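Structural description and commentary
Below are the chains, spelled out letter by letter.
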Amino acid sequence: QVQLVESGGGLVQAGGSLRLSCTASGRTFSSSPMAWFRQDPGKERRFVAAIMWGPGNTAYVDSVKGRFTISRDNAKNTVYLQMNSLKPEDTAVYHCAARGPLAGLAYDESEYAYWGQGTQVTVSS
């Protein structure tokens, strides 16, 4: 059974930092793009960042460029999201997601087959 489990969320003041982790089990995702999405209550998940299996190929939504960094450790089957200079508008439930092997980067949640349950990030002003 494939599972993606996020951790690292919490409550932080504006300007602070958090590092989210997502560890996969049940299969390897070393050749799959992985991504982070975020979701407000009652709304659809929105793309935040994605990373291909090789180094240097990443994508970000404009609102987090220069503040967030996505990375991965294929040996640990884990993807990370380093979030700096957090703002109250970053408050959301953050989900990690993965596509199938050898797929390309994607920005739409419908392109991702595997999802974690999410971790809450709350940024206070």
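Attention in this report is confined to the structure presented alongside it.

What counts and how
Residues numbered from 1 in each chain as written. Predicted model: local features only at pLDDT ≥ 70, side-chain atom pairs only at ≥ 80, totals over all residues. Heavy atoms only, no water. Buried < 20%, exposed > 50% of the residue type's maximum accessible area, 1.4 Å probe, protein only. Helix = DSSP H or I, 4+ residues; strand = E, 2+ residues; numbered from the N terminus. Pairing = 2+ DSSP bridges. Salt bridge = Lys/Arg side-chain N within 4 Å of Asp/Glu carboxyl O. Axes fitted to C-alpha atoms, helices over the stretch in contact; angles between N-to-C directions.

**Observations regarding the pairing of strand 8 (residues 78-83)**
Of all 6 residues making up strand 8, 5 are buried, and the element is well covered by its neighbours. Bridge count between strand 3 (residues 18-25) and strand 8: 6 bridges; the pairing is antiparallel. Directly across from Ser21, in strand 8, lies its bridge partner Tyr80. Across 6 bridges, the pairing between strand 7 (residues 68-73) and strand 8 is antiparallel. Bridge pairing in strand 8 places Arg72 opposite Val79. Hairpin connection of strand 7 to strand 8: 4 residues between the antiparallel strands, including Asn77 at a positive phi of 55°.

**Focus on the pattern of salt bridges**
Pairing is possible between side chains that carry opposite charge, provided their charged atoms lie close to one another. For the structure shown, the criterion picks out 6 salt bridges. Between Glu109 and Arg45 there is a salt bridge, with its nearest N and O atoms 2.9 Å apart. Highlighted residues: Glu109 in the loop between strand 9 (92-98) and strand 10 (114-115) and Arg45 in the loop between strand 4 (34-39) and strand 5 (46-51), separated in sequence by 64 residues. Since its relative accessible area comes to 22%, Glu109 is described here as partly exposed. Note on Arg45: relative accessible area 25%, which makes it partly exposed. The closest approach of N and O atoms between Arg99 and Glu111, which form a salt bridge, is 3.0 Å. A residue pair is termed long-range when its members are at least 10 positions apart, and Arg99 in the loop between strand 9 and strand 10 and Glu111 in the loop between strand 9 and strand 10 qualify at 12 residues. Residue classification places Glu111 among the partly exposed residues on the basis of a relative accessible area of 39%. Each of Arg38, Arg67 and Asp90 takes part in one network of salt bridges that share partners.

**Examining unusual backbone geometry**
Phi is positive for Asn77, which is not a glycine, with a value near 55°. Among the structural elements, Asn77 can be located in the loop between strand 7 and strand 8. Classification of Asn77 by relative accessible area gives buried; the value is 13%. Even without a glycine there, the phi angle at Leu102 is positive, about 65°.

**Topic: the sheet that holds strand 7**
Strand pairing in a sheet relies on backbone hydrogen bonds, with the paired strands running either antiparallel or parallel. With antiparallel pairing, the 4 strands of this open sheet are ordered in space as 1-3-8-7. With one partner strand each, in any of the chains shown, strand 1 (3-7) and strand 7 form the two edges of the open sheet. Sheet twist, expressed as the mean angle between neighbouring strand axes with direction ignored, is 15°.

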